[in-house]
Amino acid sequence: MSLFFGPKREERGVTSAQLLAGFEPGTRTKSGEKVTTNTALRHAATWASANLLASIVSGFPVDVFRGSGRSKSPVNPQPSIVATPSLMVSRRGWMYQGMMSALLRGNAIGYVTQFDGNQRPLHAEWLDPDAVKIEQDNTLRAPVFLVDGKQLPPERVIHIPAFLRPGSAIGMSVVEYHAESIGLGIAAQGFGSQFLGSGAVPSAVFKNEKKTVSPEEASILKRRFMATLQKKREPLVIGEDWTYQAIQVNPNESQFLDTMGYTDAQIARLFAPGLAEILGYGNQGSSLTYSNRVDRSLDLLTYGVLPWVNRFEDALTAIIAQPQTVRFNTSGLLRVDPETQRVIFKTDREIGLHNIDEMRELLDEPPLPNGQGEDYSPLGSTNTAPTGVQQ
C-alpha cells in the first residue's frame, strides 16, 4: 500500500508513476508560438493573473458551520479535508494548487488518499490535469477520469470544473480556448527581448566623408570606437572628416511595445473583469487613491474572486458531513482605514448586528471578562465608539 494511493482496493486505478507520466498537449497558434500551460505561464500577464487569484482565494480563512440561520454554529474542530486536506503541502498550498489547475486547465481534479470511518474524505491530493483524461459519454452521465486508459474509482475523485457549457460537466480551459491571444502575447514578449537584446538594426553609423575605409581599417576603427564607449561617459574625439549618426528606432518596428500592452490587458481580462486594471495594464495615466483602491478591491472580490470562492465552497461542502457548510471569510480583502472601521463597529453594535467580543476578535483582542461583551441588545444612538473596542 502506497502513501499516495491508500488501501489495496484502488489499485485497479493507477500508480503514482503513471500519474506523473503525463504529457502536455499544446496548440500551435498563428503567431507561430505553441501554447501550453507551461509556455502560457512564462508570459507575465498570465502568471500575474493566475497567481493573484490563486493567492487571494488560498489566503482566505475557512470556516465550517453546522445548521443555518439562528441555529447556525461553528464546527470545531473542523473536518480534516478542510483543516488539513493534504499530507504533502499546507492548506493554503493545497488551495493554491487547486486554483491554478482550475484557472489554467478548467478542471481541478483531486484524488482522495484517505477516508474516515464513515467513508468521508480525510485527505486528497490534486492531480496534474495533463495526466488525466476526462470523458463524458452523454449529457445524462457523469464524467469518468482515466490515467493511461485506466479509470479512477469515482469515490476517490474530487472534481471542480471552472468554465462549463450546457450539456457538459467538463470544464473548459482558458489556455486552450484563448491560445491565440496568449500566443500573441508570448510572441510579442519574445520579439521585444530579441529586439532590445541582439538588435537587428545597428545603433549608429560612423562614417568617413573623404576616403573609402577598407574592411580591415573599419574593423580596427569599430573596436577602438566601442572601447571608447565602454569607458563610462568619456568624451568622443573625432576629426572633421568623420561623422557619427545615431539610428533612431523605426516607430513601426517599436509597435511591439503597444502590442505587448494590449495583449497583457486582454489576457488579464480572460481571468476576471477588472483584473487588468488591478495589475496595472491598460490604465496608464490614472492615479490610485484610497477611494478607488477600495472600489477596486470591492470589484475584484465581487467579479473576480467570489465566483472561485463559491466553486470551492460548494465542492468542499459536498464531501463533508451534512448539514455542515464550508464558508470562506472574504472580509480580509476589504480592509479599511481605522476611522472607517471604527464607524462600522459603532453602527454594528448599535443595531445589535455584532456584540463587543465578536468585534474584539476581529482586532485580535481577547473577549471582555465575565461575559461583558456577549450582549447583542441594540443600543440607542451614541457618538462614541463601542465600549471595549480599542480606538
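This text gives an overview of the structure that appears in the document. Given the structure is predicted, the values throughout are model-derived calculations rather than measurements. (Residues numbered from 1 in each chain as written. Predicted model: local features only at pLDDT ≥ 70, side-chain atom pairs only at ≥ 80, totals over all residues. Heavy atoms only, no water.)

## Things to note about the nonpolar core
Test applied: In plain words, nonpolar cores are sets of buried Ala, Val, Leu, Ile, Met, Phe, Trp, Tyr and Cys residues tied together by side-chain atoms within 4.5 Å. Under the scheme applied here, a residue whose accessible area is under 20% of the maximum for its type counts as buried, over 50% as exposed, and between as partly exposed, the area being computed with a 1.4 Å probe on protein chains only. Per the convention used, a helix needs a DSSP run of H or I reaching at least four residues, while a strand needs a run of E reaching at least two, with both numbered from the N terminus.
Membership of the largest hydrophobic core comes to 53 residues, with the highest contact counts inside it found for L53, F271, V305 and F328. Examining the composition of this core, we find that eight residues originate from one element, helix α11 (residues 290-318), more than from any other. Ranked by size, the runner-up nonpolar core spans nine residues in total, among them I134, F145, V147 and L152.

## A short note on the sheet that holds strand β5 (residues 107-115)
In a beta sheet, neighbouring strands pair by backbone hydrogen bonds and run either parallel or antiparallel. How we decide: At least two DSSP bridges between two strands are needed for those strands to be called paired. Helix axes are fitted only over the stretch in contact, all axes being lines through C-alpha atoms; the angle between N-to-C directions runs from 0 to 180 degrees. Contacts were defined at the residue level, with two residues in contact if any of their heavy atoms lie within 4.5 Å.
The strand order across the open sheet formed by three strands is β6-β5-β10, and the pairing between neighbours is antiparallel. The open sheet has two edge strands with one neighbour each: β6 (121-126) and β10 (157-161). Neighbouring strand axes in the sheet, compared pairwise and without regard to direction, differ in orientation by 30 degrees on average. Lying over the sheet, helix α5 (residues 91-105) contacts β5, β6 and β10, oriented at roughly 145 degrees with respect to β5.

## A few points about the pairing of strand β8 (residues 144-147)
As defined by bridge partners, strand β7 (residues 133-135) adjoins β8 across three bridges and the pair is classed as antiparallel. Bridge pairing links I134 to F145 in β8. Pairing between β8 and strand β9 (residues 150-151): two bridges, direction antiparallel. By the bridge assignment for β9, V147 is matched with K150. Adjacent in sequence and paired antiparallel, β8 and β9 are bridged by two residues, among which D148 carries a positive phi angle near 55 degrees.

## Brief notes about the sheet that holds β7
Pairing is antiparallel in the open sheet, where three strands are placed in the order β7-β8-β9. Single-partner strands in this sheet number two, and they are β7 and β9.

## Side note on the pattern of salt bridges
Test applied: Any Lys or Arg side-chain nitrogen found within 4 Å of a carboxyl oxygen on Asp or Glu counts as a salt bridge.
In total, this model carries eight salt bridges according to the counting rule given. R141 is the salt-bridge partner of D137, the closest N and O atoms lying 3.8 Å from each other. Accessibility expressed as a relative area gives 52% for R141, which makes it exposed. Put simply, R349 and D375 hold a salt bridge, and the shortest N to O gap is 3.8 Å. One end of the pair, R349, is in helix α12 (residues 338-350); the other, D375, is in the segment after α13 (356-362), with 26 residues separating them in the sequence.

## Concerning the side chain of T317
Here is the rule: Throughout this description, a polar contact denotes any pair of N or O atoms lying within 3.5 Å of each other; where both atoms belong to protein, one of them has to be capable of donating a hydrogen while the other can accept it, and for residues adjacent in sequence the pair is counted only when both atoms sit in side chains.
Position of T317 among the secondary structure elements: in helix α11. Owing to a relative accessible area of 14%, T317 belongs among the buried residues under this scheme. Side-chain polar atoms of T317 contact the backbone oxygen of E313, separated by 2.8 Å. In contact with T317, not counting residues within four places along its chain, are Q322, Q324, T325, V326 and R327.

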